[in-house]
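Working through the structure, step by step
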Amino acid sequence: MKRLPSLAVADVEGGIDIFKDCLKRLPQTVIAQAVAAKEADCEAKRMAVLGTAWAAEASHRYQTLLEMLVQEEVEKYIIDVEDAAFLRRYLVGHSEGGS
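Summarised in this report is the structure supplied together with it. It should be emphasised that the depicted structure is a prediction, and the values quoted were computed from it without experimental measurement. Just so you know, the residues in each chain are numbered from 1, in the order the chain's sequence is written. At least 70 in pLDDT is required for a residue's local features to be given in this predicted model, at least 80 for side-chain atom pairs to be given and counted, and no such filter applies to totals for whole chains, interfaces and linings, which use all residues. Side-chain measures here rest on the full set of heavy atoms in the structure, leaving out hydrogens and waters.

What follows concerns the pattern of salt bridges. Whenever a carboxyl oxygen of Asp or Glu lies within 4 Å of a side-chain nitrogen of Lys or Arg, that contact is scored as a salt bridge. Applying the stated criterion across every chain yields a total of 6 salt bridges. Lys 38 is the salt-bridge partner of Asp 41, the closest N and O atoms lying 3.9 Å from each other. Note that Asp 41 and Lys 38 are positioned in helix H2 (residues 28-98) at a spacing of 3 residues, about one turn of the helix. The shortest N-O distance in the salt bridge between Arg 46 and Glu 43 comes to 2.6 Å. Of this pair, Arg 46 and Glu 43 both sit in helix H2, separated by 3 residues, roughly a single helical turn. Exposure remark for Arg 46: the relative accessible area of 45% places this residue in the partly exposed category. Only protein chains enter the calculation, and the probe is 1.4 Å; a residue is then buried if its accessible area is under 20% of its type maximum, exposed if over 50%, and partly exposed in between. When its relative accessible area of 36% is taken as the criterion, Glu 43 is described as partly exposed. Only DSSP runs of H or I with at least four residues qualify as helices, and only runs of E with at least two residues qualify as strands; both kinds are numbered from the N terminus onward.

These results come straight from atomic positions and should not be treated as a statement about function.
Rendered as structure tokens:
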């Protein structure tokens, strides 16, 4: 990995002065556009995070729905098994005595 040259405090301070001088020379419309572009970038990232969060929420809600449907089917199955057992006992008990 290539090492960057170390900077002295004076170098950083000089760079700040150059940067400020360049900003003073830029038209206000350019600075306003740079701010607007940065705001749009932040908003796009925020929306991406929000979209991901909603996708996770949708997945969670769908999983809950599937679990509810499975529970409904299990309850129906239990009732059907109980009904079949009752009918088997009833029919077997009556078919032997009634025939």
